[in-house]
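# Analysis of the macromolecular model
Residues per chain, in single letters:
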Amino acid sequence: MTPNPSPIRLSVVIPVYNEAASVEAALLRVRAVPLTMELVVVDDGSRDGTRDVLTRLRDEGLIDVLVLHEVNRGKGAAVRTGFAHATGEITVIQDADMEYDPFDLTHLIEPILDGRADAVFGSRFMGGPRRVLYFWHRVGNGVLTLMSNMFTNINLTDMETCYKMMRTDLLRTLPLRTDRFGIEPEITACLAKSGARIYELPVSYNGRTYAEGKKIGWKDGVAAFWHILRANLLSPRPPRYVSTPLVGQPAAAQPPRMTAGRE
């Protein structure tokens, strides 16, 4: 993949919690992606020396924006903090554990750059290479995605994916309020309600075991059912999104408006 010559900048929001042993290597890999980007890192109350590593990396120029939560507030809170500090025209979430390959960002961004999409999800279940792990996690992901799709009336294959990329002006209109892992169905519901054009592309996935540091557990999976219900039935509706050309994007790249991902 050749570097993106566009002046459009991608804000990569990276929530971090207790990743001292691996976070530097992870951030170096993100920075190596051939895109114009800023790294917005949010330390969510780490207590293992992670924030010392992050402070050094910020001082060395690897991190563009570093925000420190004094206590652990959850992934959703860290993501929302990162969103508030993003200044690029496009924003994406990147986990610090490197289960997702940041080089996939180079193809995820294409439907937004060429005007086909307002948001792009990277799916672990559309044929990309992935590590074989927990059967019941896969079943749970399928059930949660199915339930989310029933409420949103869109046909995603992986609602719980970390890789949710969207135009930042669209992001600013979403009424997000979830603190923990419920941020995934909440973003999905808000995007569907806004009428955003959503694309889904395959990504690779190198999942971790619990012994390797995986943090999400069965309680988060159960809570996701409540978050799906709340996000779709009880949360404020975002305004209808109307896409306009990005800075540096020719108006001709904007196709006639359609509702992508719906049947």
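Residues numbered from 1 in each chain as written. Predicted model: local features only at pLDDT ≥ 70, side-chain atom pairs only at ≥ 80, totals over all residues. Heavy atoms only, no water.

Now for the overall build of the protein chain. Counting secondary structure elements, the protein chain contains nine helices and seven strands. Across the 263 residues of the protein chain, 54% fall into the buried class. The long-range fraction of contacts in the protein chain, counting pairs at least 24 apart against all pairs at least 6 apart in sequence, stands at 82%. (Helix = DSSP H or I, 4+ residues; strand = E, 2+ residues; numbered from the N terminus. Buried < 20%, exposed > 50% of the residue type's maximum accessible area, 1.4 Å probe, protein only. Contact = heavy atoms within 4.5 Å.)

Okay, unusual backbone geometry next. The phi dihedral of Met-98 is positive, around 65°, even though this residue is not glycine. If you trace the backbone, Met-98 turns up in the loop between β4 (90-93) and α4 (105-108). One non-glycine residue, Asn-153, lies in the positive phi region at around 60°. For Asn-153, the position within the fold is in the loop between α6 (135-152) and β6 (164-167). Residue class for Asn-153 comes out partly exposed when judged on its relative accessible area of 48%.

Let us now look at helix α2 (residues 50-59). Listing the buried residues of α2 in full gives Thr-50, Arg-51, Val-53, Leu-54 and Leu-57. All buried residues of α2 project into a common sector of 155° when viewed along the axis, lining one side. Of the exposed residues in α2, those oriented more than 90 degrees away from the buried face are Asp-52 and Asp-59. A positive phi of about 95° marks Gly-61, the residue just after α2. (Arc of directions from axis to C-beta.)

On to a nonpolar patch on the surface. A cluster of nonpolar residues, Leu-146, Met-150, Phe-151, Trp-226, Leu-229, Leu-233 and Leu-234, forms a patch on the protein surface that exposes about 740 Å² of accessible area. Broken down by secondary-structure element, the contributors of at least two residues to the nonpolar patch are α6 and α9 (218-234). The element best represented in the nonpolar patch is α9, accounting for four residues. (Patch = residues over 30% accessible without salt bridge, like charges linked within 9 Å, V, L, I, M, F, W, Y side chains within 5 Å. Areas by Shrake-Rupley, 256 points an atom, 1.4 Å probe, with all protein chains shown as cover. Salt bridge = Lys/Arg side-chain N within 4 Å of Asp/Glu carboxyl O.)

A word on the packing of aromatic side chains. As enumerated under the stated definition, the model contains two aromatic pairs in all. With a centroid separation of 5.1 Å and 55° between ring planes, the pair formed by Tyr-100 and Tyr-163 is classed as tilted. A residue pair is termed long-range when its members are at least 10 positions apart, and Tyr-100 in the loop between β4 and α4 and Tyr-163 in the loop between α6 and β6 qualify at 63 residues. The two residues Tyr-100 and Tyr-163 agree in class, both being buried. Put simply, the rings of Tyr-100, Tyr-163 and Tyr-205 pair up and form one aromatic cluster. (Phe/Tyr/Trp six-rings, centres within 6.5 Å; stacked < 30°, edge-to-face > 60°.)

Moving on, we come to the pattern of salt bridges. All told, the structure shown has 15 salt bridges when counted by the stated rule. Arg-58 is paired through a salt bridge with Asp-59; the nearest N and O atoms lie 3.4 Å apart. On the accessibility criterion, Arg-58 (35% relative accessible area) is partly exposed. Its relative accessible area of 58% is what places Asp-59 among the exposed residues. A salt bridge links Asp-158 to Arg-124, with the shortest nitrogen-to-oxygen separation between them at 2.7 Å. Here the residue Asp-158 occupies a position in the loop between α6 and β6, and Arg-124 occupies one in the loop between β5 (119-123) and α6, the gap between them amounting to 34 residues. Taken as a pair, Asp-158 and Arg-124 share a single burial class, namely buried. Within this structure, Lys-75, Asp-95, Lys-164 and Glu-184 form a network of salt bridges that share partners.

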